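Report on the structure
Each chain, letter by letter, is given below.
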Amino acid sequence: MDGSKIRVLVTAFAPVPGSSPHAAAVLGLAAAVRAEMDVITLKTESLKHMENHGHARLYRVPVGHGDAAEQREAFGRACLRQLEAQPYDVVHVRGAMEGRVLAEQKKAYGFSFIYEMATFPDEAEGKAIEKAWTAAHEACAEAADLILVPTQAAARGLGEAGHAGKVALVHPGVDVDAYDWWPAATDEVGRILYLGRFGADRDLSTVLTAIKDVHRERPVEVLIVGDPDEEARARLRRVVDAFELGAVVTVRGEPTAHDLPMLIGAADLCLAPAAAAPRFQDLGDLPQPLLEFLACRRPVVAAGVPGVSEVLRDDEEGLIYPPGDHEALADAIITLLADDAQRERLVDAAYARVRSLFSGGARRRRIAEVYEMLYPGSQRYDAWGESFPSEVTGMVDLEALAVLEAANLAAQVDQEESDAHLLSPEDLGEELSEDDLEEQIADNANTLAPEAIIGLLNASDVGAAEGEVLYRPGDTGEIVIPGTDPELPTVRPGTAPEIVEDFSEMATVVEDDDDEDELAATPTTIASTPTQVTSSRESTNEFVKPPANPDADTGQIRLPD
């Protein structure tokens, strides 16, 4: 590598940030990799369509309220749209379903493909979904340059399928310091926590059967939380009532990421159940959030599936029960709630193990090694030279494509018609050939002042009348999408400005005795001469145009939440 940053697209079918370990993994990936990174995740009511996290841009996609297949299909279309809008060196997917959509474009676009095994089908979704996931998983594994797996059990399974040469073990990681919470005091009513999705592969029927046995021996209070699907919660509440546990078990939704450590810390014991399903038995997945429990110094009872044994050893860092054995699970719960000394011994050992082997820092270092292996030299750099914002160069740095990308993702699922027209780079202005562009800039550069430059977005595709160009002529230089702020004035020339051959409509240059140039612009003139946008990304020949009042323009772009 020549020192320039690689360009990476990451996809994750999960809200980020969020309470799931997938969210933590994505943020850790963004922090670990030296790259220009775009991340596509799920939109929720509380999260914005677009947000920056460190050096990564997060684009969030609303996927509606259809079934799982429909939501993943909508997500896959948005991921494909982003791939078509930007060139990338690496595409890194954390799910097989959307991963297959992107893997099919590998040859056409020439990117390197990383497939991280992080999402799996739920048995409750039916055989059709399971079959579709298996086909997508095999397609991703075949196309991948690297396959990242969380456990040795997963690596063995892929090796048996003929992919051993592509597999890289990347243990899951947890921000131990964030979860290092003070322990809850155990009283007569033991508090038991389950956190995660409510799918069939999490074997909550065995959990409820065991809780009924435990409740006969001692009073307990059980909190089952973590699924954002209202229908899934309603179904589980009906099952709880059928078990006659309504007074013992409370079912709630997904907690906020901020409150997660306190929620776990308020429990006396945490459960990490799993069914004897292919996801855990053959593919080596871990029941989540096992690591968060251990980092929060909570005693854990976990199902004895292959991946768990790599993290938690029976009677060393926790207690393990055979999947589906409700009697063994009940005995383990009763034992830990009654024995203070054993609980303290297990908690101390588990905390030490997770801090040494499964910390967020360990995962970040391993991810950086993986990317260095794929692109030698890309992760080796001098932070003393890269850790500061760029000096002013006289050109405006506008991330104009961010507007297009966010609008595309929002419109992708909001439009009912499959042929809906979305924004494209051409909507920012007419294109010139590279030679013509360089010639015009060279001939006319002295007529431009940095403070006089601001982008105008042709907003006809997001609600304005055809041909409207919208901008704010005031003192901030923000682009305003129509309908988002009624108090801001909007200039509507009626037709988009045409490119002209000279800069005479915009400004004149006056040379004084000191050979200094001053800009004399007419405030009411809408200039139509293009100026190339400079960006941390490669040039894509988009253009920005001068505003009516350039004195205080900042070049900021504003999008609706």
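Above this note sits the structure.
A brief report on the enclosed structure follows. Note that the structure is a prediction, hence the values are computed from the model and not measured. (Residues numbered from 1 in each chain as written. Predicted model: local features only at pLDDT ≥ 70, side-chain atom pairs only at ≥ 80, totals over all residues. Heavy atoms only, no water.)

For the coordinates displayed, the defined rule picks out 22 salt bridges. A salt bridge links R100 to E104, with the nearest nitrogen and oxygen atoms 3.7 Å apart. Note on R100: relative accessible area 32%, which makes it partly exposed. Among the salt bridges present, the one from R197 reaches D227, with a minimum N-O distance of 3.6 Å. One end of the pair, R197, is in the loop between β9 (190–195) and α8 (204–217); the other, D227, is in the loop between β10 (220–225) and α9 (230–242), and 30 residues separate them in sequence. (Salt bridge = Lys/Arg side-chain N within 4 Å of Asp/Glu carboxyl O. Buried < 20%, exposed > 50% of the residue type's maximum accessible area, 1.4 Å probe, protein only. Helix = DSSP H or I, 4+ residues; strand = E, 2+ residues; numbered from the N terminus.)

Turning our eyes to something else, we now look at the sheet that holds β10. Whether parallel or antiparallel, the strands of a sheet pair through hydrogen bonds between backbone atoms. The strand order across the open sheet formed by six strands is β11-β10-β9-β12-β13-β14, and the pairing between neighbours is parallel. Bordering the open sheet on either side are β11 (249–251) and β14 (319–321), each of which pairs with just one other strand. Each strand of the sheet is rotated relative to its neighbour by a mean of 20°, with strand direction disregarded. Bridge count for β9 against strand β12 (residues 269–272) is three bridges, and the pairing is parallel. Opposite L193, over in β12, you have C270 as the bridge partner. Here α9 sits on the sheet and contacts β10 and β11; the angle it forms with β11, its principal contact strand, is near 165°. (Pairing = 2+ DSSP bridges. Axes fitted to C-alpha atoms, helices over the stretch in contact; angles between N-to-C directions. Contact = heavy atoms within 4.5 Å.)

Ordered in space as β3-β4-β2-β1-β5-β6-β7-β8, the eight strands form an open sheet in which the pairing is mixed. With partners counted over all chains shown, the strands left at the sheet margins are β3 (50–53) and β8 (167–169), one partner each. Averaged over neighbouring strand pairs, the angle between their axes works out to 20° when direction is ignored. By the bridge criterion, seven bridges tie strand β1 (residues 6–15) to strand β2 (residues 35–42) in an arrangement that is parallel. Within β2, the residue paired with I6 across the bridge is A35. In this fold helix α2 (residues 68–85) packs onto β1, β2, β4 (56–61) and β5 (90–93), with an angle of close to 165° to the strand it touches most, β1.

Scanning the entire structure with this criterion turns up three aromatic pairs. Where F13 meets F75, the ring centres are 5.3 Å apart and the plane angle is 80°; that geometry is what we call edge-to-face. Here F13, found in strand β1, pairs with F75, found in helix α2; they are 62 residues apart in sequence, far enough to count as distant. According to the relative accessible area criterion, F13 is buried, its value standing at 13%. Ring geometry for F111 versus F113: centroids 6.5 Å apart, planes at 50°, classification tilted. As far as the burial class goes, F111 and F113 line up, both buried. Positioned above the aromatic ring of F13 is the side chain of R72, whose terminal nitrogen or guanidinium carbon lies 4.1 Å from the ring centre. Between the NZ or CZ atom of R297 and the centre of the ring of Y351, over which it lies, the distance is 3.7 Å. (Phe/Tyr/Trp six-rings, centres within 6.5 Å; stacked < 30°, edge-to-face > 60°. Lys NZ or Arg CZ within 6 Å of the ring centre and 35° of its normal.)

Geometry only, nothing functional implied.
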